[in-house]
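# Geometric and topological summary
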Number of protein chains: 2
Amino acid sequence: MDPAVSPSPVAVDLVVFAVTDGDLKVLLVRRQAPPFRGTWALPGDAVDLGDMGRRSGEDLRAAAQRVFRTHTGLARDSAWLQQLLAFGRSGRDPRGRVITVAWWSLIRPELLSLIGTRNQMEWFSIGEEVPWMRLALDHAEILAAGADALRARVEQPDVLFELVPQSFTVAEIQAAESAILDRTTDARNFRRRFQRWIDAGLVEQAPGKRHLGRSRPAKVWRPTCRVPGHPEDRSAG
Amino acid sequence: MDPAVSPSPVAVDLVVFAVTDGDLKVLLVRRQAPPFRGTWALPGDAVDLGDMGRRSGEDLRAAAQRVFRTHTGLARDSAWLQQLLAFGRSGRDPRGRVITVAWWSLIRPELLSLIGTRNQMEWFSIGEEVPWMRLALDHAEILAAGADALRARVEQPDVLFELVPQSFTVAEIQAAESAILDRTTDARNFRRRFQRWIDAGLVEQAPGKRHLGRSRPAKVWRPTCRVPGHPEDRSAG
DNA sequence: AGAATAGTGTCTATCAGACATTATTTG
DNA sequence: CAAATAATGTCTGATAGACACTATTCT
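Below is a summary of the structure that appears in this document. Nothing here was measured: the structure is a model prediction, and the numbers come from that model. (Residues numbered from 1 in each chain as written. Chains lettered and ligands numbered in written order. Predicted model: local features only at pLDDT ≥ 70, side-chain atom pairs only at ≥ 80, totals over all residues. Heavy atoms only, no water.)

## Observations regarding a negative patch on the surface
On the surface, a cluster of negative charge is contributed by Asp23, Glu122, Glu128, Glu129 and Asp182 of chain A. Tracing the sequence through the fold places aspartate 23 of chain A in strand S2 (residues 23–30). (Patch = residues over 30% accessible without salt bridge, like charges linked within 9 Å, V, L, I, M, F, W, Y side chains within 5 Å. Areas by Shrake-Rupley, 256 points an atom, 1.4 Å probe, with all protein chains shown as cover. Salt bridge = Lys/Arg side-chain N within 4 Å of Asp/Glu carboxyl O. Lys, Arg positive; Asp, Glu negative; His and termini not counted. Charge placed at Lys NZ, Arg CZ, Asp CG, Glu CD. Helix = DSSP H or I, 4+ residues; strand = E, 2+ residues; numbered from the N terminus.)

Laid out in structure tokens, this is it:
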């Protein structure tokens, strides 16, 4: 197939977030094929639409999960994926007319080590390092929309839970929020909100404690058991 | 062209809202062509993708505007349109694999008379009348998502402004909010919020008063002049 | 005067931001 | 005990819900 022509008019692109070292990071990959070969881009791929009848092709969510697995090596089940928006400006892709459905995804810090630095990919700190001006296609625009969506929803505990370890201390989850919003909340006020999450039954204490250095050990918490992960949103496929 | 085969793998569908008679209504059209001929559906159409290279086709937003104009007869400029989500479950369309990008739209009550009851279309009250179980394709799902999006954003004055006349009384805009949320807010508490909109410079008094029956006339308000209408969101097309 | 709707004010609970203090561990 | 981080509590201002009264018009 001619690599300069898109194999499908519909694609998916992922804005994959993680929090490490107190920074909100996004996963970018170096494009292996033209156009924009060698430039940083969001992980994405064409959606297999089938052949307009007989072969049924893959669902949008399945395509997003496939891209997630291809680039991270993680099981598709461990992917928290939510649809963002469709981007389809005529002329956004030099290969032809391609509509892309963008998704945002969250990865826990514990899983990052499993990903490693394989292939041509890298985590970029949203605040500083992202080479915004040099992203392929309209990916800068998509990434900005993804960051907006994340920031808009980070107040909801369930989003935050996907960006910290399965069990966490109050300080850890607060640090995650700070990284996303890029501002420090007062620890005491944050704890008060956290207390409400406890009262509402959103979190429960996990066994064990955690302590670093020579200080008082912190209690460990976890989200109260729901079915693990995966928001079932309407845009499922 | 074979009407049983979709002309394009990408479509747009519109969830068009209006408030009349104290009810939140949505515009449905009777499908003229198979499949689902004769059933109620959201207004929508295939997106012209061009020919994958030479002809550039139309932007997603342009397609949504075109559908808006086709079905309402209103100028595309008067369309408040915001992207909702893409729906692309394999098998959602019996004609083949079609991804649809859904938009939600708001129409002021003053414009409703211009639309009339042309063609095969009708306004249905969300609460009661919508024949949910009998909508074509996955339009019930799309409509539900659209209603959710509207309810989630109705607290923001700018959304509410698009569902009332260009100039309105406090009672009128409160009635619109009540219709959308399907619950009555206390008039005095609503007025207090409205006072804050005045203080923030979101609304200003318009000339004239309005009075019905034998009661005290009400002041008339309007949004402070911004460029008329049209949210410029990132998903522009 | 009476009916009807417009507009203003009060009391209270909840929540966010700013800020001080006590508690528990290691060295 | 000193250092370091965990955890709790107080004061204040903004906002939402419940509720009572005054104002202006028409009949």
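There's more to say after this.
## Some remarks on unusual backbone geometry
Residue and element names in this part refer to chain A. In this chain, proline 34 is followed by proline 35 through a cis amide linkage whose omega measures 0 degrees. For aspartate 182, which is not glycine, the phi dihedral falls at a positive 60 degrees. Assignment of secondary structure puts aspartate 182 in the loop between helix H5 (170–181) and helix H6 (187–199).

## Quick look at the packing of aromatic side chains
Residues and elements named next belong to chain B. Counted according to the given criterion, the structure contains 16 aromatic pairs over all chains. Aromatic pair phenylalanine 194 and tryptophan 221: ring centres 5.4 Å apart, planes at 75 degrees, arrangement edge-to-face. Placement of phenylalanine 194 in helix H6 (residues 187–199) and of tryptophan 221 in strand S9 (residues 218–223) is noted, with a sequence separation of 27 residues between them. Pair check on accessibility: phenylalanine 194 and tryptophan 221 agree, each one buried. (Phe/Tyr/Trp six-rings, centres within 6.5 Å; stacked < 30°, edge-to-face > 60°. Buried < 20%, exposed > 50% of the residue type's maximum accessible area, 1.4 Å probe, protein only.)

## Quick look at the interface of chain B and chain A
Interface size is commonly expressed as the accessible area that is lost once the parts come together. In this assembly, 32 residues from chain B lie in contact with 32 residues from chain A. In total, chain B and chain A occlude about 2600 Å² of area from one another, counting both sides; carbon and sulfur atoms represent 59% of this. For the interface between chain B and chain A, the tally reads zero salt bridges. Elements with a minimum of two residues in the side of chain B that touches chain A: strand S5 (80–87), strand S6 (99–107) and helix H3 (139–153) of chain B. Per-element tally for the side of chain B that touches chain A: the top contributor is S5 of chain B, with five residues. A class-by-class count of the residues in the side of chain B that touches chain A yields 13 nonpolar, ten polar and nine charged. (Contact = heavy atoms within 4.5 Å. Buried area = accessible area lost by both parts, 1.4 Å probe. Nonpolar A, V, L, I, M, F, W, Y, C, P; charged D, E, K, R; others polar.)

## Focus: the protein's contact with DNA strand C
Contacts to DNA strand C come from 22 residues, most closely from Arg188, Arg192 and Arg196 of chain A together with Arg188 and Arg191 of chain B. Considering DNA strand C, the proportion of its atoms within 4 Å of the protein that are sugar or phosphate atoms stands at 49%. Within the side chain of arginine 192 of chain A, a nitrogen or oxygen atom sits 2.7 Å from a base nitrogen of DNA strand C. A distance of 3.1 Å is found between a base nitrogen of DNA strand C and a side-chain nitrogen or oxygen belonging to arginine 216 of chain A. Only H6 of chain A together with H6 and S9 of chain B provide two or more residues apiece to the surface near DNA strand C. Residue contributions to the surface near DNA strand C peak at five residues, all from H6 of chain A. (Near = heavy atom within 4 Å. Polar contact = N/O pair within 3.5 Å; in protein donor to acceptor, adjacent residues only side chain to side chain.)

## Quick look at the relation of the copies chain B and chain A
Laying chain B over chain A is done by rotating through 180 degrees and shifting 0.0 Å along the axis; what remains is an RMSD of 0.1 Å. Taken together, the rotation and translation relating the two chain copies correspond to the operation of a two-fold axis. When the interface residues of chain B are mapped onto chain A, 100% of them again fall at the interface, so both copies present the same face. (Least-squares fit on C-alpha atoms with pLDDT ≥ 70 in both.)

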